[in-house]
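Breakdown of the fold
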Amino acid sequence: MKYLEIKNCKKAFDELSVLNDISLSVEEGEVVAIIGPSGSGKSTLLRCATLLETMDSGELVYMGEKAASTVDGQAVYADGNALKKIKNYFGLVFQNFNLFPHYSVLKNVCDAPISVQKRNKEEVKEEALKLLAKMGLSGKENAYPCQLSGGQQQRVAIARALAMKPSILFFDEPTSALDPELTGEILKVIRQLAEEKMTMVIVTHEMSFARDVADRVIFMDGGYIIEEGDPHEVIEHPKEERTKQFLARFSAEQ
Amino acid sequence: MTLWGMAQQVLSGTGATLLIFFSTVIFSMPLGLLVAFGRMSKFRPLSALVKGFISILRGTPLMLQLIVWFYGPYYLFGTQLSSGWRLTATILGFSINYAAYFAEIFRSGIQSIPLGQYEAANVLGYSKAQTFTKIIFPQMCKRVLPPVTNEVITLVKDTSLAFVLAYSEVFTIAKQVAAAQTTIVPLFIAGGFYYVFNFVVDFVMAKIEQKMNYYR
C-alpha cells in the first residue's frame, strides 16, 4: 500500500522556484533517503509533505486520503478536520530537535498523545517509558532537555514522534547538528527502526548511511529530482553528471 | 506632632496604595496579553489601531492620563462624578497604562520563542490554542520575568501619582501631613515605605525567577 504519494508538487518563494514538479511515493515499510546539496529543495519537500509549508500546486495523499489536490492549477487543501486526522499519519524529527524545554523528557513524549490524541494517560505513559528504554534513555524520564546531550535530545525527539504511532516518519537532517560520535547514536536508532520495517523518509548528508539503510535514494538539485533508484547504484555508480559531481568527494573517500 | 504620630498617619494610606497596586497588577497583565495579541494581529487595521493606542499611552504622562480618566466623563457627557469614581478612575488609568507596557513586553517575549516550537507543536497536532497555552505561554512567562519585575517595581512607586486625584494613598497623605506640619519628615517616611515595599517585591520576583530556573 502507498503510505504517501506526492504528485507534481510545485513550490516557489516569491520568484524563486524551489520545487519543480516533484512526484514521489513511499510504500509501506519503505525507507527513502533524500540527498542533495543545500538549497536543492529537499527540506522544503519534507516541509510540504508535513504540512509545514503549503504547495503552490500538486497533490498530497496519505494512506489513500487526500490532504491536498490541484484545482485550476492551484493546490487546494482538505478542511481542518481532515488535515487533523491526516496529521496523525506522520511524524517529523527536526534537525534542531525542537523539544519543549519546559517539559520533562517524559512529558515531551507523553503530552501530545494525551492532549491531542486523547489517549489513556496510564497507557501512554507506559508506552512512553518503553520507547525511552528502546532509545537508551531509561532513567532520563525526569530530566529536562537542557540537561541532555544533543544525541540524547534527538533520541527524545524520535521517541516523541513515535509515541504518536505514526505510519510514516520523516527525518529532516537529523544528525546535522551533532558531532560524529552523537551522529552514530542517532543513525543506530534509525537503523533499528528500519529493521523493524518503519516507513521512513530521511533527508540526510550521511551518504554511507543512506546507502546502507535506505531501500531507495533520491538525489535532488535545483528543485528537481535528478536521479532516483537503488542506493548502491545511485551512490556508488551515479549516472547523471550532477550526481557524480555531488558525490565526488564521498566517492574519493571510499 | 510626634514622629510616631506622623508615621501612623502616613501609613494609614497603606491599604489604599496596596489596593491600587494589586488591582493594577491583576487587571493590567491579562489586558496586556490581549493587547499584545491585538498588536500582533494579522488583521492590519486592528494591529495599527492597537499600535496607535500603545503609542499614546506610553507617550503621555500617566499623571495626565489619570486626570483625563477622572474628569473625562464630566467633560464628555456631563456626568456627575460620584465619590466612588475617584478610585475607579485611578485603577482604570493605572491598569490601562500598564497594560500598554506589559503588552510590548509580552509581545517581545512571544516573538522571541523559536519558530521550531510552533512547528513541533503543529506536526504533533496541537491546536493553535493548545500551542499557545501549553507551549508558548509558559516559555514566554520565563523570558519576560526580568522586564516584568522592572515594571512592577516602577508601579509601586507610580502609585504615588494617585495624589493628583487626591486619592488618599500613602504619598497623598504624606504630602498633606508635610504641608500641615511644615516638615519634610512625612515624605521621608513615605520614601521608606516605598523602599520596603519594593524590597519585598524584588524578593518575591527573585523567588519566582528561581522557581522557573529548572530549565533553560
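So, here is what we can say about the structure in this document.

On to the overall build of chain B. Each helix and strand in chain B was counted, giving nine helices and zero strands. Listing the helices and strands of chain B from first to last along the sequence gives α-α-α-α-α-α-α-α-α. Each principal axis of the C-alpha atoms in chain B carries an extent, and together these give about 70 × 45 × 25 Å. Here the contacts in chain B between residues at least 6 apart in sequence split such that 76% fall between residues at least 24 apart. For chain B, the exposed surface amounts to about 11500 Å²; the carbon and sulfur share of it is 69%.

All names here are of chain A. Pairing is mixed in the open sheet, where six strands are placed in the order β7-β8-β9-β3-β10-β11. The open sheet has two edge strands with one neighbour each: β7 (90–93) and β11 (224–229). Between one strand axis and the next, the sheet turns by 15° as a mean value, whatever way the strands run. Across the sheet, helix α6 (residues 180–195) touches β3 (31–35), β8 (168–172) and β9 (199–203), and the angle it forms with β9 is around 150°.

Going through the model one piece at a time under the given rule, you end up with 19 salt bridges over all chains. Residue Arg216(A) is joined to Glu30(A) by a salt bridge in which the shortest nitrogen-to-oxygen separation is 2.9 Å. Note that Arg216(A) is positioned in strand β10 (residues 216–221) and Glu30(A) in the loop between β2 (16–27) and β3, a separation of 186 residues in sequence. Just as Arg216(A) is buried, Glu30(A) falls in that class too. The shortest N-O distance in the salt bridge between Asp212(A) and Arg211(A) comes to 3.1 Å. Taken together, the salt bridges that share partners define one network made up of Lys11(A), Arg47(A), Glu53(A) and Glu119(B).

Tallying the contact residues gives 18 residues for chain B and 24 residues for chain A. Summed over both partners, the interface of chain B with chain A comes to about 2000 Å²; 59% of that surface belongs to carbon and sulfur atoms. Where chain B touches chain A, the interface holds two salt bridges. Notably, a salt bridge pairs Arg47(A) with Glu119(B), separated by 2.7 Å at the nearest N-O pair. Inspection of the region where chain B meets chain A yields 11 residue pairs in polar contact (both at pLDDT 80 or more). Going through the elements one at a time, α6 (115–123) and α7 (128–158) of chain B are the ones with two or more residues in the side of chain B that touches chain A. For the side of chain B that touches chain A, the per-class residue count stands at nine nonpolar, six polar and three charged.

All names here are of chain B. Using the criterion set out here, one finds 20 aromatic pairs over all chains in the structure. Between Phe102 and Phe106, the ring centres sit 5.9 Å apart and the planes meet at 15°, which makes this aromatic pair stacked. In this pair, Phe102 and Phe106 are both assigned in helix α5 (residues 85–111), four residues apart and thus about one turn of the helix distant. Classification of Phe102 as buried rests on a relative accessible area of 1%. Taken together through their ring pairs, the aromatic side chains of Phe21, Phe22, Phe193, Tyr194 and Phe197 make up a single cluster.

A word on the side chain of Ser40(A). Residues and elements named next belong to chain A. With respect to the helices and strands, the residue Ser40 is situated in the loop between β3 and α1 (42–49). At 2.7 Å, the side chain of Ser40 and the backbone oxygen of Pro37 are in polar contact. Not counting residues within four places of it along the chain, the set of residues in contact with Ser40 comprises Val18, Met220, Asp221, Gly222 and Gly223.

Here we take up the sheet that holds strand β1 (residues 2–13) of chain A. All names here are of chain A. The five strands are arranged β2-β1-β4-β5-β6 in an open sheet whose pairing can be described as antiparallel. Looking at the sheet topology across the chains shown, the edges are occupied by β2 and β6 (74–77). On average, adjacent strands in this sheet sit at an angle of 20° to one another, irrespective of strand direction. Strand direction decides the pairing type here: β1 and strand β4 (residues 57–62), joined by five bridges, are antiparallel. Paired with Leu4 across the two strands is Tyr62, which belongs to β4.

Residues Leu60(A), Tyr62(A), Phe170(A), Phe94(B) and Phe106(B) are the most contacted members of the largest nonpolar core, which totals 99 residues. Not counting residues up to four positions away in its chain, the partners in contact with Phe170(A) are Leu4(A), Leu46(A), Ala49(A), Thr50(A), Tyr62(A), Phe90(A), Gly91(A), Leu92(A), Val93(A) and Val201(A).

A few words on unusual backbone geometry. All names here are of chain A. Phi at Asn8 takes a positive value of approximately 50°, unusual for a residue other than glycine. Positive phi outside glycine occurs at Lys165, with the angle close to 55°. Position of Lys165 relative to the elements: it lies in the loop between α5 (150–163) and β8.

Reading the values: the criteria
- Residues numbered from 1 in each chain as written.
- Chains lettered and ligands numbered in written order.
- Predicted model: local features only at pLDDT ≥ 70, side-chain atom pairs only at ≥ 80, totals over all residues.
- Heavy atoms only, no water.
- Helix = DSSP H or I, 4+ residues; strand = E, 2+ residues; numbered from the N terminus.
- Contact = heavy atoms within 4.5 Å.
- Areas by Shrake-Rupley, 256 points an atom, 1.4 Å probe, with all protein chains shown as cover.
- Pairing = 2+ DSSP bridges.
- Axes fitted to C-alpha atoms, helices over the stretch in contact; angles between N-to-C directions.
- Salt bridge = Lys/Arg side-chain N within 4 Å of Asp/Glu carboxyl O.
- Buried < 20%, exposed > 50% of the residue type's maximum accessible area, 1.4 Å probe, protein only.
- Buried area = accessible area lost by both parts, 1.4 Å probe.
- Polar contact = N/O pair within 3.5 Å; in protein donor to acceptor, adjacent residues only side chain to side chain.
- Nonpolar A, V, L, I, M, F, W, Y, C, P; charged D, E, K, R; others polar.
- Phe/Tyr/Trp six-rings, centres within 6.5 Å; stacked < 30°, edge-to-face > 60°.
- Core = buried A, V, L, I, M, F, W, Y, C linked by side-chain atoms within 4.5 Å.

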